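Below, each chain spelled out in residue letters.
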Amino acid sequence: MHYLKINDSDKKKIGYLIHLYRTQQFKHLSQNSFLLNEYNEPICTRQTLSKIEQGVIIKNDSIYEELLKKVNLKFNTDYCIEEFLPTSIFSDLLNACDYYNLEKLISISESYVKQLNPFKEYIFFHEYYECFKWIYTYYSSFELPTLQSTEYIILLKNIINSNLYEVMMDLVFKKRTISGIYDFSYFDFKNSNSMINRGNHMMILYNQSKLSEMLDYCQDLEEEYSSKNNYIRLLDIYSLKGFAFSNTEKEKFEKLVSQINHTVEAHNSNIPEIKISQLLKNIGLQAFRIDMYNIAINYLEQYIAMDSPYANIVGIDLCISYQKTNKIDQLKSFIQSKEVYKGDSQYENLLNYFILKYKYQTDNDELSYFIVNIVPIIIDNTMGKYKQFFYEELSMLVEQTKRYKDLKTYLDSTSDMLPI
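Asker: Help me understand the packing of helix α17 (residues 311-324) against helix α18 (residues 328-336), please; the structure alone is not making it clear to me.
Answerer: Describing two packed helices takes the angle between their axes plus the distance from one axis to the other. Taken N-terminus to C-terminus, the directions of α17 and α18 make an angle of 155°; their axes are 8 Å apart at the nearest point. Our classification of the angle between α17 and α18 gives roughly antiparallel. Both α17 and α18 take part in a crossing whose hand is left-handed. Here Gly315, Leu318, Cys319, Tyr322 and Gln323 of α17 come into contact with α18, specifically with Ile328, Gln330, Leu331, Phe334 and Ile335. Class assignment for the residues of the contact of α17 with α18 results in seven nonpolar, three polar and no charged.

Asker: Is there a simple way to explain a negative patch on the surface in this structure?
Answerer: On the surface, Glu213, Asp216, Asp220 and Glu223 cluster together to form a negatively charged patch. When you line up the elements, Asp220 lands in helix α12 (residues 211-227). Note on Asp220: relative accessible area 48%, which makes it partly exposed.

Asker: Would you mind showing me how to read the packing of aromatic side chains here?
Answerer: Describing an aromatic ring pair means giving the distance of the ring centres and the angle of the ring planes. Across all of its chains, the model carries 18 aromatic pairs by this definition. For the pair Tyr79 and Phe84, a centre-to-centre distance of 5.7 Å together with 75° between the ring planes defines the contact as edge-to-face. Connected via pairs of aromatic rings, a cluster forms that spans Tyr79, Phe84, Phe119 and Phe125. Here Lys275 stacks its cationic end above the ring of Tyr100, 5.0 Å away from the centre of that ring.

Asker: Any chance you could explain the side chain of Ser277 here in plain terms?
Answerer: With respect to the element layout, Ser277 can be found in helix α15 (residues 273-289). In this structure Ser277 touches Tyr303, Met306 and Ser308, once residues within four positions along its chain are discounted.

Asker: What is the right way to look at the layout of surface pockets in this model?
Answerer: Taken as a whole, the largest pocket holds about 1700 Å³ of empty space. Surrounding the largest pocket, 50 residues form its lining, Thr177, Ile178, Gln278, Lys281 and Asn282 being those nearest its centre. Looking at the lining of the largest pocket, the elements that each hand over two or more residues are α10 (162-178), α11 (195-207), α13 (231-248), α15, α17 and α21 (384-397). Considered class by class, the residues forming the lining of the largest pocket number 28 nonpolar, eleven polar and eleven charged. Approximately 230 Å³ is the volume attributed to the second largest pocket. Forming the walls of the second largest pocket are 16 residues, and the residues nearest its centre are Asp10, Cys80, Ile81, Glu82 and Phe124. Of all the secondary structure elements, the ones that give two or more residues to the lining of the second largest pocket are α1 (8-24), α5 (81-84) and α8 (125-141). The leading source of residues in the lining of the second largest pocket is α1, at three residues. Split by residue class, the lining of the second largest pocket holds nine nonpolar, four polar and three charged. Counting residues domain by domain, the lining of the second largest pocket receives three or more from each of domain 1 (8-71) and domain 2 (81-179).

Asker: For this particular structure, what's the right way to read the pattern of salt bridges?
Answerer: The tally for this structure, following the rule as stated, stands at 15 salt bridges. Lys69 is the partner of Glu38 in a salt bridge, and the nearest nitrogen-oxygen pair spans 3.7 Å. Pair noted here: Glu38 is in the loop between α2 (31-34) and α3 (46-53) and Lys69 is in helix α4 (residues 61-70), with a separation of 31 residues, a long-range link. Glu38 gets classed as exposed once you look at its relative accessible area, which sits at 57%. Lys69 sits in the partly exposed class, given a relative accessible area of 35%. When the shortest N-O distance is used, the salt bridge between Glu224 and Lys228 registers 3.0 Å. Owing to a relative accessible area of 21%, Glu224 belongs among the partly exposed residues under this scheme. Look at the salt bridges and you will find they share partners, linking Glu38, Glu66 and Lys69 into a network.

Scoring rules and cut-offs
- Residues numbered from 1 in each chain as written.
- Predicted model: local features only at pLDDT ≥ 70, side-chain atom pairs only at ≥ 80, totals over all residues.
- Heavy atoms only, no water.
- Axes fitted to C-alpha atoms, helices over the stretch in contact; angles between N-to-C directions.
- Helix = DSSP H or I, 4+ residues; strand = E, 2+ residues; numbered from the N terminus.
- Parallel < 35°, antiparallel > 145°, perpendicular 65-115°, else oblique.
- Left-handed = near helix turned anticlockwise from the far one by under 90°.
- Contact = heavy atoms within 4.5 Å.
- Nonpolar A, V, L, I, M, F, W, Y, C, P; charged D, E, K, R; others polar.
- Patch = residues over 30% accessible without salt bridge, like charges linked within 9 Å, V, L, I, M, F, W, Y side chains within 5 Å.
- Areas by Shrake-Rupley, 256 points an atom, 1.4 Å probe, with all protein chains shown as cover.
- Salt bridge = Lys/Arg side-chain N within 4 Å of Asp/Glu carboxyl O.
- Lys, Arg positive; Asp, Glu negative; His and termini not counted.
- Charge placed at Lys NZ, Arg CZ, Asp CG, Glu CD.
- Buried < 20%, exposed > 50% of the residue type's maximum accessible area, 1.4 Å probe, protein only.
- Phe/Tyr/Trp six-rings, centres within 6.5 Å; stacked < 30°, edge-to-face > 60°.
- Lys NZ or Arg CZ within 6 Å of the ring centre and 35° of its normal.
- 1 Å grid on protein atoms, 1.4 Å probe; cavity = no way out; pocket = protein on both sides within 12 Å on 5 of 7 lines; lining within 4 Å.
- Points joined across faces, edges and corners; volume = space filled by probe spheres on them.
- Domains from an automatic or database assignment.

Written as structure tokens, this is what we have:
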């Protein structure tokens, strides 16, 4: 059988990728099973496999080719991936990411998904194909990679182009922070080449409660992004500063909101709708958290009007803000557009409370049942920022329900927690 000639530098990378695929996608196979070829003959010893996966160069090219077959890949001798993909593509891609040029991000990634598709069964081509596919999927439909996929992306650091890796790590950051995972010790965001990942570094500082260090870094980036007229990343910086100010000084937060409004008004035509949406949600929720309800109402109303997929979630914060500022007519108007949810998730139950309270009469049997049987469960399970509010609501509604005695029993059992 004729085997392909593979150069030493490619062998090191192939060995690394074989280990990656074997331990991630083929972990159901024992090492002994993995080392049998299609004819049930041994490909090499376990010791040889271990050396290959550690980057030790083995002269026998056939072993590499047979191991690649085990992970459903081949080696291509007709094309070198570096020749196939010019480096300028990756700098263009990173620049488009930094300036949030959606049209360019989608165009480049879609183009290379199509070009690489015929070669996706070949090692090196396969990894680039997967990366471009994830970029296209996110920027065209905002669907992030799975958590398992982010592990794979992280391990491609020494395989793919460094600029492409920067773009991919931004997707990893988005997915893992959404999932509540903040361990990014494997990637130096602070010394990153990209604006977006330096911004991600600040979010890490925030989650580590290093607010002073975060604000110093914010100041440097704010000056840099202003000088480069990158108003999209500048707004990202303002949003991050809002997190810090909402923990320290309300006065600075108010000034920041004014600064944000001015920037958006001046450069609105150059800022994609999705970035405006993210900003409205972030500032609105930060204002709610520090009891600046009028600012929260202004931003959350605009956010919900954009038909965001998270509109029902922030609707709870908006309802509470309306009630806290005694804007009951606006609250009723908002509630009139909502239907009672049939599900039992936390957010649905929270919003159901307002729907039942303001869409129906307070002595309605359904509301009475809801207060007695559901609200206590909501209180026990809800997140901290809503808990005290619902305790207060429950104590005020106790006299209005037909199930007063049942509810009173519950209140008595939690009297030390209630502001009565």
